[in-house]
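# Structural description and commentary
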Amino acid sequence: MRIPCPYCGERNSGEFVYRGDAAPMRPEGAEGLFDYVYLRENPAGPLREHWYHAQGCRNWIEVTRDTRNHVISGAILAREARR
Ligand SMILES: [Zn+2]
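Residues numbered from 1 in each chain as written. Predicted model: local features only at pLDDT ≥ 70, side-chain atom pairs only at ≥ 80, totals over all residues. Heavy atoms only, no water.

## Description of the overall build of the protein chain
Inclusion rule: A run of DSSP states H or I qualifies as a helix once it reaches four residues; a run of E qualifies as a strand once it reaches two. Both are numbered from the N-terminal end. Contacts are assigned to residue pairs that have any heavy atoms within 4.5 Å of one another. Shrake-Rupley sampling with a 1.4 Å probe provides the accessible areas, and residues are treated as covered by the protein chains on show and by no other component.
Within the protein chain, the regular secondary structure consists of one helix and six strands. The secondary structure elements of the protein chain, listed N-terminal to C-terminal, are β-β-β-α-β-β-β. Overall, the protein chain is about 40 × 25 × 20 Å in size when its C-alpha atoms are taken along their principal axes. Excluding contacts between residues fewer than 6 apart, the proportion of contacts in the protein chain whose partners are at least 24 apart in sequence is 44%. For the protein chain, the accessible area works out to roughly 5700 Å², and carbon and sulfur atoms hold 48% of it.

As structure tokens, this is what we get:
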């Protein structure tokens, strides 16, 4: 799979570390922390994911990938992603 890093361009996925679903937001307190850490949706379709370009620019990026066919429809720097 090729991932289009917004900073480096299209690179092999082996250069990246996968973090997972980008949607969950860390709760302020302890309440909801279990769900944040352990519970994830597993949708069949587009999913926003965090990837770390460990062997490149070392930026976190948010990739929109279709989980059914791995087609990537977008990638932006995570710090610029909507919250
Ligand atoms: Zn990069």
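## Re the environment of I61
For I61, the position within the fold is in strand β5 (residues 60–66). Spatially, the C-alpha atom of I61 lies 8.6 Å from that of A81, the residues being 20 residues apart in sequence. Excluding its chain neighbours within four sequence positions, the residues that come into contact with I61 are I3, C5, P6, F16, E49, H50, W51, I76, L77 and A78.

## Considerations on the nonpolar core
Note the cut-off: Working definition of a nonpolar core: buried Ala, Val, Leu, Ile, Met, Phe, Trp, Tyr and Cys residues. They are joined through side-chain atoms within 4.5 Å. Exposure classes here rest on a 1.4 Å probe applied to the protein chains alone. A residue is buried below 20% of its type maximum, exposed above 50%, and partly exposed in between.
I3, C5, F16, W51, C57, I61, V63, I72, A75 and L77 form the largest nonpolar core, which has 10 residues in total. Mapped by element, the contributors of at least two residues to this core are β1 (2–5), β5 and β6 (72–77). Among the elements that line this core, the one with the most residues is β6, at three residues. Sequence-distant contacts of A75, that is, excluding residues within four places in its chain, are made with P4, P6, E62 and V63.

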